[in-house]
Amino acid sequence: MTAFLFTGAALAQTPSPSIASRMKAIVYHNFGSPDVLRLEEIEKPVPNDNQVLVKVRAASVNPLDWHFMEGTPYIMRAMGVGLLKPNEARLGVDYAGTVEAVGKNVTKFKPGDEVFGGKTGAFAEYVCVLADRAVALKPANITFEQAASVPIAGITALQGLRDKGKIQPGQRVLINGASGGVGTFAVQIAKSFGADVTGVCSTRNLELVQSVGADHVIDYTKEDFTKSGQRYDLILDNVGTQSLLGFTRVLNPKGKYVMIGGGGPSDQGLIGALARPVKALVLSRFVTQEMGMMFAELNQKDLSILADLMQAGKVTPVIDRTYPLSQISDALRYLEAGHARGKVVITVGDNNETSPVSPKLAAISASTISPVLIAVELIAVPLAVLIVPIIAAIALNRRFKRRYPGKRPYRWGYYFSIMSFIAGLGLGSILGAGVSAVIVCGVIYAVLAWFFAQRQHWAWIALTILSFNPVAWIINLIYFWKRWAEDSVATPTI
């Protein structure tokens, strides 16, 4: 989920002091569908001493734009995106254009330079960027549209393979979702590292994936690669369409699984697509392979590396469709339909029309999710998971004290038992083996919790270990050391 790397005031534009200097930009004042986006005139930014003013020629859309627009998953809102309305009204990150002005401390760039990079608010005629951050010179052999498609997708593929995947020459690498924005870059970058690359895509994209350099292509509509028996050293998963257990079957014992991508419009709720990394983290405790998610970081060094690869002809951006800035809503709808081949690009010129959506339609299209329901998901559900077991533990403890007034309280034991049962249900869900796994794990943990509450030492040992929680290990060790001392001089009643 690279989306969370581009929020905050640190990436805000430097406003112009002159109200006469204006520009067109995409803004949104409510969370909702693409219809909430507006093409408006706002103040044109001016660079400070360390910034570069870029006249944007092209930009590209990414899944993170959808998530910011929708305000989903809701955990994003709690992290500063805005609870009921967006805190930052600007959208877009990827851009390419021409330097129009530079600050007095800038020596790397000069007016007229063609550049590309990443900056919040890229869906606009101008952006101001720090000269030492995510901006680099555009190779002369690629267009502005191609350059604008690179930053997030290209860096995600590069860092996923190189930094998280530790790719090596000669390794067998599988790219799941090889025809998408990140996937087309990943295939080419993996080949530049000397890997043997297998791409997974649909029937209509087989030729495309072959054309960007894949050594082998698997049509997922006809073949389940997780049952093929082929083993891979590294898997880059862009789509998350297979169960995590399936990936472990085709990874070498010391192989690496790298998960990327922000999910689609169906990944809403409290944490949305972030649930999958949690599952991978838990599953990694049970397997020898390394499994996890990577967060890309836009930086000048890696943009320059990608520029060199493009200049050398080793990486060529793939563009599916282009839209004018005034049709940004249509571009996002097409992207989120899930059928884009490569990147979807926005052209920015002087002929953009006025607002593509009427104020009335925008208001109707705003997020219709009840604020109460959002608050429930963000606050009530997590608190309930913590507070309800506490209340239950206190009630059980009071009952215990009434029945056995001479024995010490047992609140922590009851609380831990209840939380362990909840964790058992969660573990079954995380393992991804269906309803049966949830039931089996729930029953196992429930039985252990029951005997644990009876102060059976074997159940304490088993449940403590199976909690996979070092904090619980420490607390239980201290807490029950004293209780065992009590039990050694008196036979447990319950």
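Residues numbered from 1 in each chain as written. Predicted model: local features only at pLDDT ≥ 70, side-chain atom pairs only at ≥ 80, totals over all residues. Heavy atoms only, no water.

### Observations regarding the overall build of the chain
Threshold: Runs of H or I in DSSP of at least four residues are treated as helices and runs of E of at least two as strands, each being numbered from the N terminus. Relative accessibility decides the category of a residue: with a 1.4 Å probe and only protein chains considered, values under 20% of the type maximum give buried, values over 50% give exposed, and everything between is partly exposed. Residue contacts are defined here by distance: any two heavy atoms, one from each residue, within 4.5 Å place the two residues in contact. Here the Shrake-Rupley method, with its probe set to 1.4 Å, supplies the accessible areas, and only the displayed protein chains count as covering residues.
Across its full length, the chain carries 16 helices and 15 strands. Every one of the 494 residues in the chain was classed for burial, and the buried ones make up 50%. Counting only contacts in the chain whose residues sit at least 6 apart along the sequence, the fraction spanning at least 24 positions is 70%. Here the chain displays about 22,100 Å² of accessible surface, and carbon together with sulfur accounts for 60% of that area.

### Considerations on the side chain of Lys138
Which entries qualify depends on this criterion: Polar contacts, as counted here, are pairs of nitrogen or oxygen atoms within 3.5 Å of one another; within protein the pair requires one atom able to donate a hydrogen and one able to accept it, and residues that are adjacent in sequence qualify only if both atoms are side-chain atoms.
Looking at the element boundaries, Lys138 is found in the loop between strand E7 (135-137) and helix H3 (144-148). One polar contact links the side chain of Lys138 to the main-chain carbonyl oxygen of Ile142, over a distance of 2.7 Å. With residues up to four places along the chain from it excluded, the contact list for Lys138 reads Glu114, Val115, Phe116, Thr143, Phe144 and Ala147.

### What about the pairing of strand E15 (residues 343-347)?
Keep this limit in mind: At least two DSSP bridges between two strands are required for those strands to pair.
Among the five residues in E15, four count as buried, and that is most of the element. Judged from the three bridges that link them, strand E3 (residues 51-60) and E15 form a sheet pairing that is antiparallel. Each bridged residue has a counterpart across the sheet, and for Ser60 the counterpart in E15 is Val345. As paired elements, strand E14 (residues 319-324) and E15 share five bridges and run parallel to each other. Note on E15: the bridge partner recorded for Pro324 is Thr347.

### As for a positive patch on the surface
Defined as follows: Think of a patch as exposed residues, more than 30% relative accessible area, with no salt bridge, where like charges cluster within 9 Å and nonpolar side chains (Val, Leu, Ile, Met, Phe, Trp, Tyr) cluster within 5 Å. The term salt bridge refers to a side-chain nitrogen of Lys or Arg lying within 4 Å of a carboxyl oxygen of Asp or Glu. Counted charges follow a simple rule, with Lys and Arg positive, Asp and Glu negative, and His plus the chain ends left uncounted. Throughout, a charge is located at the NZ atom of Lys, the CZ atom of Arg, the CG atom of Asp or the CD atom of Glu.
A cluster of like positive charges, contributed by Arg398, Arg399, Lys401, Arg402, Arg403 and Arg411, occupies part of the molecular surface. No other element matches the five residues that helix H12 (residues 371-403) contributes to the positive patch. Note on placement: Lys401 falls in helix H12.

### Regarding the sheet that holds strand E12 (residues 251-259)
Stated precisely, the cut-off is as follows: Structural elements are reduced to axes, namely lines fitted to C-alpha atoms, with helices fitted over the stretch in contact, and the angle between N-to-C directions of any two is expressed from 0 to 180 degrees.
Here we have six strands laid out as an open sheet, ordered E10-E9-E8-E11-E12-E13, and parallel in their pairing. Strands with a single pairing partner mark the edges of an open sheet, and in this sheet they are strand E10 (216-219) and strand E13 (290-293). Across the sheet, the mean angle separating the axes of adjacent strands is 15 degrees when strand polarity is ignored. Examined bridge by bridge, strand E9 (residues 196-201) and E10 share four bridges and lie parallel to one another. Following the sheet pairing, Gly199 is matched in E10 by Val217.

### So, the environment of Gly117
Tracing the sequence through the fold places Gly117 in strand E5 (residues 114-118). Looking at Gly117, the relative accessible area reads 0%, which means it is buried. For the pair Gly117 and Asn299, spaced 182 residues apart in sequence, the C-alpha to C-alpha distance is 8.6 Å. For Gly117, the contacting residues outside a window of four places in its chain are Val93, Asp94, Tyr95, Ala134, Val135, Pro151 and Leu303.

### Observations concerning helix H9 (residues 300-311)
Rules: For a helix, the expected span equals 1.5 Å multiplied by the residue count minus one.
For H9, built from twelve residues, the straight-helix expectation of 16 Å at 1.5 Å per residue is met to within 8% by its first-to-last C-alpha distance of 16 Å. Those residues of H9 that sit buried are Gln300, Asp302, Leu303, Leu306, Ala307, Leu309 and Met310. Near the N-terminus of H9, the side chain that reaches the backbone nitrogen of Lys301, with its oxygen 3.2 Å away, is that of Asn299. Positive phi shows up at Gly313, right after H9, with a value of about 80 degrees.

### With respect to the packing of aromatic side chains
Stated precisely, the cut-off is as follows: Paired rings are identified among Phe, Tyr and Trp, the last through its six-membered ring, by centres lying within 6.5 Å, and are further divided according to the angle between planes into stacked (under 30 degrees), edge-to-face (over 60) and tilted (the rest). Both a distance and an angle decide whether a charge sits over a ring: NZ of Lys or CZ of Arg must be within 6 Å of the ring centre and within 35 degrees of the ring normal.
Inspection of the entire model under this criterion finds two aromatic pairs. Taking 5.8 Å as the distance between ring centres and 50 degrees as the angle between the ring planes, the aromatic pair formed by Phe225 and Phe247 counts as tilted. Remark: Phe247 occurs in helix H7 (residues 244-250) and Phe225 occurs in the loop between E10 and strand E11 (232-237); sequence separation between them is 22 residues. On the basis of relative accessibility, which here comes to 0%, the residue Phe247 falls in the buried class. Note on Phe247 and Tyr257: the rings are 4.7 Å apart at their centroids and 40 degrees apart in plane angle, and the pair reads as tilted. Here the residue Phe247 occupies a position in helix H7, and Tyr257 occupies one in strand E12, the gap between them amounting to ten residues. Just as Phe247 is buried, Tyr257 falls in that class too. Here the aromatic cluster, defined as three or more aromatic residues joined through ring pairs, consists of Phe225, Phe247 and Tyr257. In this arrangement the basic side chain of Lys138 is found over the ring face of Phe144, its NZ or CZ atom lying 5.0 Å from the centre. One cation-aromatic arrangement involves Arg321 over Tyr334; the distance from NZ or CZ to the ring centre is 3.8 Å.

### Overview of a nonpolar patch on the surface
A surface patch of nonpolar side chains, about 620 Å² in accessible area, is lined by Ile439, Val443, Val447, Trp450, Phe451 and Trp458. For the nonpolar patch, the element with the most residues is helix H14 (residues 435-453), which contributes five residues. Among the structural elements, Val443 can be located in helix H14.

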